[in-house]
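Commentary on secondary and tertiary structure
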Amino acid sequence: MQTTPTGPAFFNFDNSYARDLDGFYRLVQPEGASRPQLIRLNRELAEELQVDAEQLAGPEGVSVLAGNLLPAGAEPLAQAYAGHQFGGFSPRLGDGRALLLGEVIDRHGKRRDIAFKGSGRTPFSRSGDGKCALGPALREYLVGEAMAALGIPTTRALAVVATGDMVSRERALPGAVLTRVAASHLRVGTFEFFAAHHGPEKVKQLADFAIRRHDPQLAEHDQPYLALLEAVAERQAELIACWLGVGFIHGVMNTDNMTISGETIDYGPCAFMEAYSPRTVFSSIDSAGRYAYGQQANIAQWNLTRLAETLLPLIDDDSERAVALATAVLEAFPERHANYWLKVMRDKLGLDQTGNVTVDRKLATDFLELLRQRKIDFTNGFRALFDAANEQPAPLHHLFGDDAQFVHWQNAWQTRQPQRSAQQIITMKHANPCYIARNHQVENALGAAVERLDMAPFERLLAVLQQPFDARPEDAAYAEPAPLAVTAMYQTFCGT
Ligand code: AMP
Ligand code: MG
């Protein structure tokens with residue numbers, strides 16, 4: 001194996017995964033890049049990680065971000081994991097084109113993984129090249145930052161470096177290394193790998209690690225592994241509600257793309273819905289609609305069931321009892337999620353959180369149904385409600401006119417909550433972004449970056465998405481839905 005030279009200590013590494021989980025990974029060096037060029041550095045995130053952004057942007061920093069120079073203290077490793085992909089079990093996936101460099105403690109005291117994507121082949125690469133193209137790396141950067149600005153738990157990109165090497169896809173494309181920051185890279189699929197190949201002792205070791213990392217209060221719990229399952233279910237129940245609240249469709253919710261931390265991970269064929277329909281699918285490989293917008297909570301429950309299966313031997317020696325306990329957690333998931341969904345929807349509708357549950361659910365579903373029947377843009381439909389609550393009725397009237405069914409709904413909505421405090425208006429505003437990462441805008445920004453090395457559209461779009469809640473006249477074009485013809489054609493591809 002080649003060895004990568006070691007440089008200065010860019011990161012203050014403390015690598016618990018490498019230290020505590022011997023046998024759960026393979027040590028691998030990054031392949032390196034022939035002509036690295038820094039395309040984008042996330043200075044705000046660098047600061048959060050207590051990393052010197054100036055140093056990272058310098059020549060040695062760029063070498064580090066390209067995998068040509070290892071920062072002191074890094075222990076690059078490829079994590080083993082398995083996964084259910086579109087329902088079928090793949091027992092051996094793992095980091096085929098990613099490496100965990102190490103972990104740092106951020107300025108809030110939180111442990112974060114620093115990882116590469118696209119840094120070359122690993123023992124888990126199978127027939128893959130271990131590479132990542134520039135377009136998908138920039139998509140992950142952009143959508144991750146958009147999600148972070150919307151307040152949704154997510155992994156984030158620290159940097160994108162173009163390698164100067166071409167990557168062979170349907171055609172040759174410029175290659176890139178993305179540096180990804182995550183609360184951890186533990187996935188449901190990590191548990192599946194060790195359950196499938198190594199048995200309960202290793203699963204226990206992994207579960208204890210996950211508890212230390214994400215739920216340390218559970219260490220003293222009398223049922224720690226059942227409680228871990230419940231904690232993961234709780235986070236996913238909330239995460240999916242957050243996704244639904246902004247029209248986000250992950251696109252490939254395989255168990256290897258579902259985290260234990262509750263962060264969104266792997267922005268491949270993801271997209272934000274425009275005209276509202278729960279059946280919306282964008283991924284070209286999801287022809288059956290398994291991962292459609294409205295399926296995502298069901299799929300999360302399905303994925304949690306796969307996690308539960310790996311934990312059963314730890315939950316109770318009596319397998320029937322273990323199944324009964326885990327099943328109770330899994331069966332509680334729909335209601336857990338429905339409660340978060342109602343909270344999100346009440347915020348979107350500008351309703352206090354104390355009203356009658358049945359009435360408020362119906363207000364939400366009736367409004368969604370109006371959007372669906374009239375093919376109204378999800379984001380703009382809700383934003384218009386906010387505007388109306390904020391004494392600007394024109395956008396809502398523009399969308400619905402004097403439609404009798406809508407007027408009937410609007411009366412019920414106004415009766416439910418005739419007045420709002422200033423704080424409630426702010427809450428409602430923050431539940432109804434003006435700007436989401438619209439497909440045609442994302443494509444336009446990535447196209448300019450990849451085809452013409454023109455980063456201006458990317459930078460402009462990123463700046464808009466980083467401030468999603470304040471309407472700005474000069475950014476009006478970014479709030480416009482794509483022309484219908486574009487949406488009809490639009491598919492994001494996993495060919496990353
Ligand atoms: P993803 O679709 O990115 O979630 O990846 C699913 C699995 O395929 C993971 O095990 C990846 O490591 C692997 N994979 C995806 N693309 C590549 C590639 N270009 N080279 C090697 N492995 C890959
Ligand atoms: Mg993945």
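This text gives an overview of the structure that appears in the document. (Residues numbered from 1 in each chain as written. Chains lettered and ligands numbered in written order. Predicted model: local features only at pLDDT ≥ 70, side-chain atom pairs only at ≥ 80, totals over all residues. Heavy atoms only, no water.)

**Considering the environment of Glu-451**
Secondary-structure assignment places Glu-451 in helix α17 (residues 439–452). Remark: the alpha-carbon pair of Glu-451 and Cys-132, spanning 319 residues in sequence, is separated by 16 Å. Among the polar contacts listed, one links the side chain of Glu-451 to the side chain of Arg-171, at a separation of 3.1 Å. (Helix = DSSP H or I, 4+ residues; strand = E, 2+ residues; numbered from the N terminus. Polar contact = N/O pair within 3.5 Å; in protein donor to acceptor, adjacent residues only side chain to side chain.)

**A closer look at unusual backbone geometry**
The phi torsion at Arg-126 lies on the positive side, around 50 degrees, for a residue other than glycine. Mapped onto the fold, Arg-126 is located in the loop between β9 (111–117) and β10 (132–133). For Asp-266, which is not a glycine, the phi torsion comes out positive at approximately 70 degrees. Residue position: Asp-266 is located in the loop between β13 (248–249) and β14 (271–272).

**Topic: the pairing of strand β11 (residues 156–168)**
Pairing of strand β3 (residues 37–41) with β11, which is carried by four bridges, proceeds in the antiparallel orientation. Across the sheet, Gln-37 pairs through a bridge with Ala-162, a residue of β11. Bridge analysis of β11 against strand β12 (residues 172–182) gives nine bridges, and the strand direction is antiparallel. Residue Val-167 lies in a different strand from β12, and its bridge partner there is Leu-173. (Pairing = 2+ DSSP bridges.)

**Side note on the coordination of the magnesium ion (ligand 2)**
Bound to the magnesium ion (ligand 2) are the protein donor atoms Asn-257 (OD1) and Asp-266 (OD), situated 1.9 to 2.2 Å from the metal. Note on Asn-257: relative accessible area 11%, which makes it buried. For Asp-266, a relative accessible area of 16% puts it in the buried group. (Donors = N, O, S within 2.8 Å, 3.2 Å for Na, K, Ca; no water. Buried < 20%, exposed > 50% of the residue type's maximum accessible area, 1.4 Å probe, protein only.)

**As for the packing of helix α8 (residues 224–246) against helix α9 (residues 296–315)**
Close contact between α8 and α9 brings their axes to 10 Å; oriented N to C, the two are set at 170 degrees. Classified by the angle between their axes, α8 and α9 sit roughly antiparallel to one another. Here Tyr-225, Leu-226, Leu-229, Val-232, Ala-233, Ile-240, Trp-243 and Leu-244 of α8 lie close against α9, whose contacting residues are Gln-296, Ala-297, Ala-300, Leu-304, Leu-307, Ala-308, Leu-311, Leu-314 and Ile-315. Its residues assigned to classes, the contact of α8 with α9 comprises 16 nonpolar, one polar and no charged. (Axes fitted to C-alpha atoms, helices over the stretch in contact; angles between N-to-C directions. Parallel < 35°, antiparallel > 145°, perpendicular 65-115°, else oblique. Contact = heavy atoms within 4.5 Å. Nonpolar A, V, L, I, M, F, W, Y, C, P; charged D, E, K, R; others polar.)

**So, the packing of α17 against helix α18 (residues 456–466)**
The contact between α17 and α18 brings their axes to 7 Å, and the two run at 145 degrees. Two secondary-structure elements touch here, α17 through Gln-441, Val-442, Asn-444, Ala-445, Leu-446 and Ala-448 and α18 through Pro-457, Phe-458 and Leu-461. Grouping the amino acids of the contact of α17 with α18 by side-chain chemistry returns seven nonpolar, two polar and no charged.

**Points about the packing of aromatic side chains**
A full pass over the atoms with the stated rule returns 20 aromatic pairs. On the basis of an interplanar angle of 90 degrees and a centroid distance of 6.0 Å, the ring pair of Tyr-276 and Tyr-293 is categorised as edge-to-face. Within this pair, whereas Tyr-276 is found in the loop between β14 and α9, its partner Tyr-293 is found in the loop between β14 and α9, the two being separated by 17 residues in sequence. By relative accessible area, which is 4% here, Tyr-293 ends up buried. Relative to Trp-409, the ring of Phe-367 lies with its centre 4.8 Å away and its plane at 35 degrees, an arrangement referred to as tilted. Of the two residues, Phe-367 is situated in helix α12 (residues 357–374) and Trp-409 in helix α15 (residues 404–416); the sequence distance between them amounts to 42 residues. Comparing Phe-367 with Trp-409, the two get one shared label, buried. Grouped by ring-pair contacts, the aromatic residues Tyr-276, Tyr-293, Phe-367, Phe-378, Phe-382, Phe-400, Phe-406, Trp-409 and Trp-413 constitute a single cluster. The ring centre of Tyr-81 lies 4.1 Å from the NZ or CZ of Arg-187, which sits over that ring. (Phe/Tyr/Trp six-rings, centres within 6.5 Å; stacked < 30°, edge-to-face > 60°. Lys NZ or Arg CZ within 6 Å of the ring centre and 35° of its normal.)

Take it as geometry only, folks, not as evidence of what the structure does.
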